[in-house]
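Now for the letters of each chain:
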Amino acid sequence: MPDLRAHGSSAKPHDPAAYPTDVLAGDGFALIRHLDLTDYDLGGYSLGGRTTVRMLERGATPRRAIVAGMGYSGLTRATARSAHFAHILDNLGSFEKFTPEWNAEAFLKTTRGDPVALRLLLDSFVDTPPDAIAAIDIPVLVVSGDEDEDNGSVDELAGALPHATLARTPGGHMSAVTKPELGEAIANYLAA
């Protein structure tokens, strides 16, 4: 499982040139080439799910995909969603405890993300057109916490994909990823 650019142990450059449009999808393709993968599955959670769809739209050819913690508007209106995180990064430390902004800031701290690098990364996001989602012609597991509407409707996303399987697991956006049921849903899908 790779760390995305500006997250975890990955590079966190402060040069805007390091964040061209759709850079995370480009990084994913670079990893596939580096590992010389020809037979693989592709998936991710939240931003990783969005990156998976961006890679599929740009021609990635996995056998199956997993889009977890990501709904329809989180893909089709990614630039609007990034404004929420830009607001958080531009106002760190100013949010009331337990608000959605405070929770997101707390999560960003756990990823060891660099606020300057993450802010630059937000500017690289692009929207995925509805017709591109409808053209994804591989099996896709759409999985999300049953309380997670952070990135739009997963039901709408599953309905837009021609070969989707929808799974709901317990929790919201920040908690579903910590529960075993999410991993079990993914493992069961890949084993089927």
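Conventions we followed
Residues numbered from 1 in each chain as written. Predicted model: local features only at pLDDT ≥ 70, side-chain atom pairs only at ≥ 80, totals over all residues. Heavy atoms only, no water. Core = buried A, V, L, I, M, F, W, Y, C linked by side-chain atoms within 4.5 Å. Buried < 20%, exposed > 50% of the residue type's maximum accessible area, 1.4 Å probe, protein only. Helix = DSSP H or I, 4+ residues; strand = E, 2+ residues; numbered from the N terminus. Contact = heavy atoms within 4.5 Å. Salt bridge = Lys/Arg side-chain N within 4 Å of Asp/Glu carboxyl O.

Participant: Before we go on, may I ask you to explain the nonpolar core in this structure?
Facilitator: A general tendency of soluble globular proteins is for nonpolar side chains to be buried together. Ranked by internal contacts, the top residues of the largest apolar core, which has 23 residues, are Met 55, Ala 60, Ile 136, Val 140, Val 142, Leu 157 and Leu 161. Of all elements in the fold, only helix H1 (23–35), helix H2 (47–57), strand E2 (65–68), helix H3 (72–76), strand E3 (140–145) and helix H8 (154–160) reach the threshold of two or more residues within this core. Residues within four places of Ala 60 in sequence aside, it is in contact with Phe 29, Tyr 40, Leu 42 and Met 55. Val 23, Leu 47, Ile 88 and Leu 108 belong to the second largest nonpolar core, which has 18 residues in total.

Participant: When you look at the pattern of salt bridges in this model, what are you seeing that I'm missing?
Facilitator: A side chain with one charge can pair with a side chain of the opposite charge if their charged atoms come near. Per the stated rule, a full pass over the model turns up 13 salt bridges. Among the salt bridges present, the one from Glu 105 reaches Lys 109, with a minimum N-O distance of 3.7 Å. One end of the pair, Glu 105, and the other, Lys 109, are both in helix H5 (residues 100–110), four residues apart, so they sit about a helical turn from each other. Judged by relative accessible area, which is 7%, Glu 105 ranks as buried. Relative accessible area serves as the criterion here: at 58%, Lys 109 is assigned to the exposed category. Across the pair Arg 119 and Asp 123 runs a salt bridge whose closest N-O atoms are separated by 3.6 Å. With relative accessibility at 27%, the residue Arg 119 sits in the partly exposed group. Among the charged side chains, a network of salt bridges with common partners joins Asp 22, Arg 54, Glu 57 and Arg 58.

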